[in-house]
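Descriptive analysis of the structure
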Amino acid sequence: MIEVRRTIIAGNWKINMDHLEGASLAGDIAAGLEGREPACEVVLIPPFTALPAVMNAIEDSPISGGAQNLWYEENGAYTGEISTGMISALGCRYVLVGHSERRHVIGEGSDILSRKLRAALAGGLIPIYCVGETLGERESGTASKVVAEQIGEVLTGLSDADMRSTVIAYEPVWAIGTGKTATPDDAGSMHEIIRVLLGDIFGSRTAEDTPILYGGSVKPGNAAELLAREEIDGALVGGASLEAGSFLGIVFPA
Ligand code: 13P
């Protein structure tokens, strides 16, 4: 499953939307795409309980589904966890790995994230591997060092084919849910740094072909200028993905 660099707009619903609300929102987004050609791949990433209903609602649409998390073993005694096989059995294409809320609230580090990323790839899912610095790290000038560690510790050792089936999302923690968006210049320069890091590990061709999304307070009012940057291949959207009108305003930027 070798993927190509493309524009992706993904809505991460986090812990919002039960299965009824989720089916309704997914149906509204699918209806909003009807008869229009988005210049991007549209992905919905609902909570697990809403995933079957959402997959059902987007079945006849061009929208792809994704999960917010996975466990790295396929089955066994892991109460409360969900495996790659369970996620792909629903027809999902993507899974988030390393979202800042999993790193900073749940406490996941590079070791567990490496296992999750590899389990996703082994099971045929495309991991969206999230990286990003905290406000303190940005202010102390260590943002690029932190991101380099997050990239190096988890992605080093992947085969070229696996890296080509992986998507990166740069989400500065200080911009998530705060209304503070990285400027297109700030985001663009970190995307450039990430692409150089990928080039160092995997070679420039693979680095050039890897989609790198931006996430952090993306909304209809700022999507166009972010997406206009050559380095930014799409968006991972939280709050603005919870309403069909605002999410479609990002999919079809003015
Ligand atoms: P917001 O768009 O609400 O800032 O969330 C971003 C995010 O965390 C997407 O994964």
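Anything mentioned here points back to the structure above.
Residues numbered from 1 in each chain as written. Predicted model: local features only at pLDDT ≥ 70, side-chain atom pairs only at ≥ 80, totals over all residues. Heavy atoms only, no water.

1. Side note on the packing of aromatic side chains
For clarity, the cut-off: Think of it this way: a Phe, Tyr or Trp ring, Trp meaning its six-membered ring, pairs with another when their centres are within 6.5 Å, and the plane angle makes it stacked under 30 degrees, edge-to-face over 60, tilted otherwise. Exposure is judged per residue with a 1.4 Å probe applied to protein chains only, and the accessible area is read against the type maximum: over 50% gives exposed, under 20% gives buried, and values in between give partly exposed. Definition used: whenever NZ (Lys) or CZ (Arg) falls within 6 Å of the ring centre and also within 35 degrees of the ring normal, the charge is taken to sit over that ring.
One pass over the full model with this rule turns up three aromatic pairs. When the centroid spacing of 5.5 Å and the interplanar angle of 45° are considered together, the rings of Trp 71 and Tyr 78 count as tilted. Taking relative accessible area as the criterion, Trp 71 reaches 14% and is therefore assigned buried. One aromatic cluster is present, formed by Trp 71, Tyr 72 and Tyr 78 through successive ring pairs. Arg 36 extends its terminal NZ or CZ atom over the ring of Phe 252, reaching a point 3.7 Å from the ring centre. We note Arg 115 situated over the ring of Tyr 72; from NZ or CZ to the ring centre the distance is 5.0 Å.

2. Considering unusual backbone geometry
The condition that has to hold: Runs of E in the DSSP output that reach at least two residues are strands. Runs of H or I that reach at least four are helices, and both are numbered from the N terminus.
Despite not being glycine, Lys 14 shows a phi value in the positive range, around 50°. Given a relative accessible area of 21%, Lys 14 falls into the partly exposed group. Backbone geometry at Ser 217 places phi at a positive 55°, although glycine is not the residue there. Positionally, Ser 217 belongs in the loop between β7 (212-215) and α11 (220-227).

3. Concerning the site of the ligand
The criterion, for reference: The cutoff for a nearby residue is simple: one of its non-hydrogen atoms must lie within 4 Å of the molecule or strand. N or O atoms within 3.5 Å of each other form a polar contact, as long as, within protein, one can give a hydrogen and the other can take it, and as long as residues adjacent in sequence are counted only when both atoms are side-chain atoms. Throughout, the Shrake-Rupley method with a 1.4 Å probe supplies accessible areas, and for residues the shown protein chains are the sole cover considered.
The environment of the ligand is made up of 13 residues, and the closest members are Lys 14, His 99, Gly 177, Ser 217 and Gly 239. One of the side-chain nitrogen or oxygen atoms of Lys 14 is found 2.8 Å away from an oxygen atom of the ligand. Taking Gly 238, its main chain carries an N or O atom lying 2.9 Å from an oxygen atom of the ligand. When the ligand is considered free in solution it has 310 Å² of accessible area, and contact with the protein chains removes 95% of it.

4. Digging into the nonpolar core
As a rule of thumb, soluble globular proteins bury nonpolar side chains together. Our working rule: Here, the term nonpolar core denotes a set of buried Ala, Val, Leu, Ile, Met, Phe, Trp, Tyr and Cys residues that are joined through side-chain atoms within 4.5 Å. Contact criterion: two residues are considered in contact whenever any of their non-hydrogen atoms come within 4.5 Å of each other.
Ranked by size, the top nonpolar core spans 65 residues in total, and within it Leu 44, Ile 151, Leu 155, Ile 168, Ile 194, Leu 198 and Tyr 214 carry the most contacts. Discounting chain neighbours no more than four positions away, the residues touching Leu 198 are Ile 151, Leu 155, Met 163, Ile 168, Gly 203, Ala 207, Thr 210 and Ile 212. With 13 residues, the next largest nonpolar core counts Ala 10, Ile 45, Ile 126 and Ala 169 among its residues.

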